[in-house]
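# Observations on chain architecture
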Amino acid sequence: MLNEHLPKFLFPRTNPTQGKNPVFATLHRPRKVLIVNQFYPPDYAATGQLISELAAQLGNLGIQIDIFTGQPGYAFEKNSAPKREAFDRVSVQRSRTSRIFPLRIRGRAINGLLFCLRATLHLLKSIRNYDILLVTTEPPYLPVVGYFAYLLFRRPYVCLLYDLYPDVAVELDVVSPRHWLVRFWDWCNRLVWKNAQGIIVLSSTMKARVTAKYPAIADKVSIIASWADPDRIKPLDKENNWFAREFNLTHKFTVLYSGNLGRCHDMDTILDAAKNLENEPIQFVFIGHGAKLSSCLERAKTLELDNCLFLPYQEKSVLPYSLTACDLALVSISSGLEGLVAPSKLYGILAAGRPVAAICERDSYLSKLLDLARCGQAFENGDSAGLASYIRYLAADPQLAQTIGQLGRHYLKKNFTPQIIAQQYLEVLSPTKPHPD
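Now for a description of the structure that goes with this document. This one's a predicted model, so the numbers in the text were calculated from it and none came from an experiment.

## Points about the nonpolar core
Within the largest apolar cluster, 133 residues are counted, with the highest numbers of intra-cluster contacts made by Phe284 and Tyr347. Those residues within four positions of Phe284 in sequence are excluded, and the remaining contacts are Val255, Ile270, Ala273, Ala274, Leu277, Asn307, Cys308, Leu309 and Ile391.

## A short note on the side chain of Gln38
With respect to the secondary-structure elements, Gln38 resides in the loop between strand 1 (32-36) and helix 1 (46-60). Overall, the relative accessible area of 5% leaves Gln38 in the buried class. When neighbours within four sequence positions are excluded, Gln38 is seen to be in contact with Thr69, Gly70, Asn111, Gly112, Phe115, Glu138 and Pro139.

## Examining the side chain of His265
On the secondary structure map, His265 appears in the loop between strand 9 (253-258) and helix 8 (268-276). Separated by 3.0 Å, the side chain of His265 and the backbone oxygen of Ser332 make a polar contact. Aside from chain neighbours lying at most four places away, what touches His265 is Tyr257, Asn260, Lys292, Ser332, Ser334, Pro343 and Lys345.

## Some thoughts on empty space enclosed by the protein
Evaluated as defined, the whole model comprises 1 cavity of 30 Å³ or more. By volume, the largest cavity is sized at about 60 Å³. Thr137, Pro140, Pro143, Leu161, Asp163, Leu164, Tyr165, Trp185, Asn189, Val192 and Trp193 are the residues that line the largest cavity. With 4 residues, the single largest contributor to the lining of the largest cavity is helix 5 (residues 180-195). Here the residues of the lining of the largest cavity sort into 8 nonpolar, 2 polar and 1 charged.

Calculation rules
Residues numbered from 1 in each chain as written. Predicted model: local features only at pLDDT ≥ 70, side-chain atom pairs only at ≥ 80, totals over all residues. Heavy atoms only, no water. Core = buried A, V, L, I, M, F, W, Y, C linked by side-chain atoms within 4.5 Å. Buried < 20%, exposed > 50% of the residue type's maximum accessible area, 1.4 Å probe, protein only. Contact = heavy atoms within 4.5 Å. Helix = DSSP H or I, 4+ residues; strand = E, 2+ residues; numbered from the N terminus. Polar contact = N/O pair within 3.5 Å; in protein donor to acceptor, adjacent residues only side chain to side chain. 1 Å grid on protein atoms, 1.4 Å probe; cavity = no way out; pocket = protein on both sides within 12 Å on 5 of 7 lines; lining within 4 Å. Points joined across faces, edges and corners; volume = space filled by probe spheres on them. Nonpolar A, V, L, I, M, F, W, Y, C, P; charged D, E, K, R; others polar.

Below is the structure:
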């Protein structure tokens, strides 16, 4: 079964969705942009890390970027960060952050609402200083703040959808699809999306979900993927990797899951594959935190898995070493959540030059991307036997694993570098006409 895929590994194909260079349809590039996102470094949250890199790249393009964010919410060992910071063309202002049960759904909802209130107060004082506003879905209802800024001050805004709510909450059985809150949220989304200058989604399946809900906005929805910096994260042999040596990973085929162990990620298929391989020289490493961490630890204990190592989030400076301390890396999306979430961890794996195994639905964008890049294989949710066979297959042929990883890195450098993605963001952020001061 696996051998039929071998000829595809020889040359990566061109991604038709990435085939054109952005061409600005307007001369009215923004001079000053405000980005609002609840998390930002030193927080470990992936959204904050991505926003910090995006801001730096937009700054390199001559745009003044201001960030409004909160104090660290994931990086609890760092109780606070400076209220204000400035780096070249990027300025950061941090609001006080609530930490009410941050790993529980209700706690995160309350914390997010309080951040939205603080963001609204900030905009009331400063929105006229900006040409355009970029609001994310961190927290999920933050785009409403952008709509209010437009309504009150006629400042344009762009919505960056990391996750699609309330659909995620419905799929996770947090709320019924017929609940009044879901209907109200959908109504708010339509209002916000209709009045936005642009809407950025992370995958083709996410765009399909959005346009199915509101076909009238299809022409303003742009697919812009996440990214990783191939100059910062580079392939590194495990024998020369201090992280791999420190955790005794150099002599075993190592399978890595790095990032959020959250409700939207299929961890059961991974742990079942680990059980299938428990008597073989294969090591599973989980790096991160999230709502499913405790259940993963408990299940690994129940299954008596001695081949599973759990480590905390690593500092950003450690990522070039932690991501290259493996031979294969994993990405997963829980069943039913395709098009509602898009794991950003994929792109760091590609930069590291490691093959990818994705656990997802059959029609996932992940499956299509891996096929285009020739950098790995996708498995349906629950197919732990297929995942275990693929791991065993690559473990028996390290040279093949290395070749597949190199193809993934090549594909990233052609499509998903910070420079390429920043140009795509700038096109969406550039208004069709100047806005009155």
